[in-house]
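Given next are the chains, with one letter for each unit.
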Amino acid sequence: MSRYADRCRNLASVIATTGCETAILTHSASVRYLSGFSGSFGVLWVSVVGAPILITDFRYDEQAKDEVEDSFDIRIVSGGWISNIEDLVTSVGGSVAFESEYVTVSEHKALKEAFPQLSLVASTDLVGRLRRIKDVKEIEGIEHSITTAEAALQRTLVGIDWTDRPSERRVAGYLEAELRAGGSEHLPFDVIVASGPRTSLPHATPSDRSVLLGDLLLIDFGARVQGYCSDITRNFVIGPPQDWQVVLHNQVLDAHEQACAAIGPGVLCRFVDMVAREALVAHQVDQYFGHSTGHGIGLEVHENPSLSQRSEQTLEVGNVVTIEPGVYLPARGGVRIEDDILVEPSGFRRMTSLSRALIEL
Ligand code: ZN
Ligand code: ZN
């Protein structure tokens, strides 16, 4: 059995739990995970019996043949996929499962109208539960993505003249170009560069503000290699740090290290979040930490499991998650330290290798 046929077979066991024999997958990351096909339009038909079928259009004819193993049937269609699956629907009879997170209301309506006799079974986490456990190849992809991102950041830090008061946008553009030059596919997200008081905005868009002497500088960035994302945040100071900046950075670093140490198989995701939050309570800055502690990464930059206060999920060997506590002091400045962590049988392995110190530029 090959890699993708194996994945489809694993999915078939999940499909069986929905009471269906077939699933229709329309989400591009699900389609890529199950078939290897990376085109922007692809629908996958996976059945408990029979070969999986990839439906795409003429633009992807060659690419589909290149990327997809022989054990898949490829169907090149025109005029949309729904009008081209009548024979498949007839063959399965009763019901088909779909990913309720991704099928749009209009697709659902169109399917209902085209096949009124077909029962559409909304399923959550259909492919997600497979995707969150990474195999060796996927872990290699993420490692490669991390080293690509780290090298691009290093080149950016030495390539920019920090005495020249570069704008946040210029720093972001420089890093984005280095990420691409270093081999990244389209970036998993726009690079975040925030300086001075703007570091208190957790998802700041780079602005025209010049990075000035004495500023904190927060950079959140990632690459995509072989489809796999990395997601890292580091913090810098222009010139010698002030005491409050060092204190703030140490508080966040403490929360970050404690949360990492809590990671292991069988651990509740919300427990890891709680550990980070409790560390910030001890430093009396927890009220300035408004987001969750981390998230899974893989073919998408935000995927399961979620390390939030409300998460019911449990960490498993092979999960790759971020740990990214932050403290954002309004109008003053913020720090977030984000690493990519692999859950291993014995606990965790930090995949990111950049220093977590507050670095003086
Ligand atoms: Zn990030
Ligand atoms: Zn993140």
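Overview of the structure. Quick caveat: nothing in here was measured; it's all calculated off a predicted structure.

Protein-derived coordination of the zinc ion (ligand 1) comes from Asp220 (OD), Asp220 (OD), Asp231 (OD) and Glu338 (OE), at a distance range of 2.0 to 2.5 Å. Bound by four donor atoms, the zinc ion (ligand 1) shows angles of 55 to 148° at the metal and therefore irregular coordination geometry. Positions of the donor residues of the zinc ion (ligand 1), expressed as sequence spacing, correspond to D-x10-D-x106-E. For Asp220, a relative accessible area of 3% puts it in the buried group.

So, on to the sheet that holds strand β5 (residues 95–99). Backbone-to-backbone hydrogen bonds pair the strands of a sheet. The strands run either parallel or antiparallel. Spatially, β4-β3-β2-β1-β5-β6 is the arrangement adopted by the six strands of the open sheet, whose pairing is mixed. In the strand order of this sheet, the two ends are held by β4 (73–76) and β6 (119–123), each with one partner. Recorded for the sheet is a direction-independent mean angle of 25° between the axes of neighbouring strands. Across the sheet, helix α1 (residues 3–16) touches β1 (22–25) and β2 (43–47), and the angle it forms with β2 is around 70°. On top of the sheet, helix α2 (residues 28–35) reaches β1, β2, β3 (53–56) and β5; it is set at about 55° to β2, its chief contact.

Counted according to the given criterion, the structure contains one aromatic pair. Both rings, one in Phe37 and one in Tyr60, keep their centres 5.6 Å apart while their planes meet at 85°; by these two values the pair is edge-to-face. A residue pair is termed long-range when its members are at least 10 positions apart, and Phe37 in the loop between α2 and β2 and Tyr60 in the loop between β3 and α3 (61–67) qualify at 23 residues. The same class applies to Phe37 and to Tyr60, which are both buried. One cation-aromatic arrangement involves Arg7 over Tyr33; the distance from NZ or CZ to the ring centre is 4.2 Å. Cation over ring: Arg332 sits above Trp244, and NZ or CZ is 4.3 Å from the ring centre.

What counts as what
Residues numbered from 1 in each chain as written. Chains lettered and ligands numbered in written order. Predicted model: local features only at pLDDT ≥ 70, side-chain atom pairs only at ≥ 80, totals over all residues. Heavy atoms only, no water. Donors = N, O, S within 2.8 Å, 3.2 Å for Na, K, Ca; no water. Tetrahedral: all angles 85-135°; square planar, octahedral: opposite > 155°, others 65-115°. Buried < 20%, exposed > 50% of the residue type's maximum accessible area, 1.4 Å probe, protein only. Pairing = 2+ DSSP bridges. Helix = DSSP H or I, 4+ residues; strand = E, 2+ residues; numbered from the N terminus. Axes fitted to C-alpha atoms, helices over the stretch in contact; angles between N-to-C directions. Contact = heavy atoms within 4.5 Å. Phe/Tyr/Trp six-rings, centres within 6.5 Å; stacked < 30°, edge-to-face > 60°. Lys NZ or Arg CZ within 6 Å of the ring centre and 35° of its normal.

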